[in-house]
Amino acid sequence: MPDVVIHHVKNDWLVLIEAVTSHGAVDAKRRGELATLFQGARPGLVYVTAFLTRSDMTRYISDISWETEVWVREAGTHLIHFNGKRFLGPYDS
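Residues numbered from 1 in each chain as written. Predicted model: local features only at pLDDT ≥ 70, side-chain atom pairs only at ≥ 80, totals over all residues. Heavy atoms only, no water.

A.B. asks: I keep staring at the side chain of threonine 49 and nothing clicks. Help me out?
C.D. replies: As for its placement among the helices and strands, threonine 49 is situated in strand S3 (residues 44-51). Not counting chain neighbours up to four residues away, the residues in contact with threonine 49 comprise Glu18, Val20, Gly24, Ala25, Val26, Glu69, Val70 and Trp71. (Helix = DSSP H or I, 4+ residues; strand = E, 2+ residues; numbered from the N terminus. Contact = heavy atoms within 4.5 Å.)

A.B. asks: Hey, could you run me through the sheet that holds strand S5 (residues 79-81) in this one?
C.D. replies: Think of a sheet as strands paired side by side through backbone hydrogen bonds, with each pair either parallel or antiparallel. Taking strand neighbours across the sheet as the criterion, the 5 strands line up as S1-S2-S3-S4-S5 in an open arrangement whose pairing is mixed. The open sheet has two edge strands with one neighbour each: strand S1 (4-8) and S5. For this sheet the average axis-to-axis angle between neighbouring strands, irrespective of direction, equals 25°. In this sheet, S5 lies alongside strand S4 (residues 69-72) in antiparallel orientation, the contact comprising 3 bridges. By the bridge assignment, valine 70 is partnered in S5 with isoleucine 80. Contacts from helix H1 (residues 28-37) reach strand S2 (13-19) and S3 within the one sheet, and its direction differs from that of S3 by about 140°. (Pairing = 2+ DSSP bridges. Axes fitted to C-alpha atoms, helices over the stretch in contact; angles between N-to-C directions.)

A.B. asks: Is there a simple way to explain the packing of aromatic side chains in this structure?
C.D. replies: Here a ring pair, both rings aromatic, is described through the centre-centre distance and the interplanar angle of the planes. Within this structure, the stated rule accounts for 2 aromatic pairs. Taken together, a centroid distance of 5.9 Å and an interplanar angle of 50° make the contact between phenylalanine 51 and tyrosine 60 tilted. A relative accessible area of 29% places tyrosine 60 in the partly exposed class. (Phe/Tyr/Trp six-rings, centres within 6.5 Å; stacked < 30°, edge-to-face > 60°. Buried < 20%, exposed > 50% of the residue type's maximum accessible area, 1.4 Å probe, protein only.)

A.B. asks: Is there a simple way to think about the nonpolar core in this case?
C.D. replies: Soluble globular proteins tend to bury their nonpolar side chains together. With 8 residues, the main nonpolar core is built from Val20, Ala25, Phe51, Met57, Ile64, Val70, Val72 and Phe82. Those residues in contact with phenylalanine 51 that lie beyond four places of it in its chain are Val20, Asp56, Met57, Tyr60, Ile64, Val70, Trp71, Val72 and Arg73. Ranked by size, the runner-up nonpolar core spans 7 residues in total, among them Val26, Phe38, Leu45 and Tyr47. (Core = buried A, V, L, I, M, F, W, Y, C linked by side-chain atoms within 4.5 Å.)

A.B. asks: I keep staring at the pattern of salt bridges and nothing clicks. Help me out?
C.D. replies: Where charged atoms from two side chains of opposite charge approach closely, those side chains can pair. Going through the model one piece at a time under the given rule, you end up with 6 salt bridges. Between arginine 31 and glutamate 67 there is a salt bridge; the shortest N-O distance is 3.7 Å. In this pair, arginine 31 sits in helix H1 while glutamate 67 sits in the loop between helix H2 (54-60) and S4, placing the two residues 36 residues apart along the sequence. What makes glutamate 67 partly exposed here is its relative accessible area of 30%. As a salt-bridge pair, aspartate 56 and arginine 59 come within 2.2 Å of each other at their nearest N and O atoms. Of this pair, aspartate 56 and arginine 59 both sit in helix H2, 3 residues apart, which is roughly one turn of that helix. For arginine 59, a relative accessible area of 61% corresponds to the exposed category. Each of Glu18, Lys29, Arg30 and Glu33 takes part in a single network of salt bridges with overlapping partners. (Salt bridge = Lys/Arg side-chain N within 4 Å of Asp/Glu carboxyl O.)

Written as structure tokens, this is what we have:
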């Protein structure tokens, strides 16, 4: 299971948040594991890796999966979007 699961009711998304300190970044392997775990879920899946600091993020930057989001506590009002055709939303698997 991810560290945090949030159901965004208005958009019908499950936001799956991994704290890098507990499991590491949402890399391609972890993204696949989470997709499999939640394959029967109706809501779309949004993947987020959470870091304490930007310097922590730099250690994992090459591992972070495309089509995911990154949140950094020291800049808590912002998200970093890792490519894809939309900003913050689920993608078809």
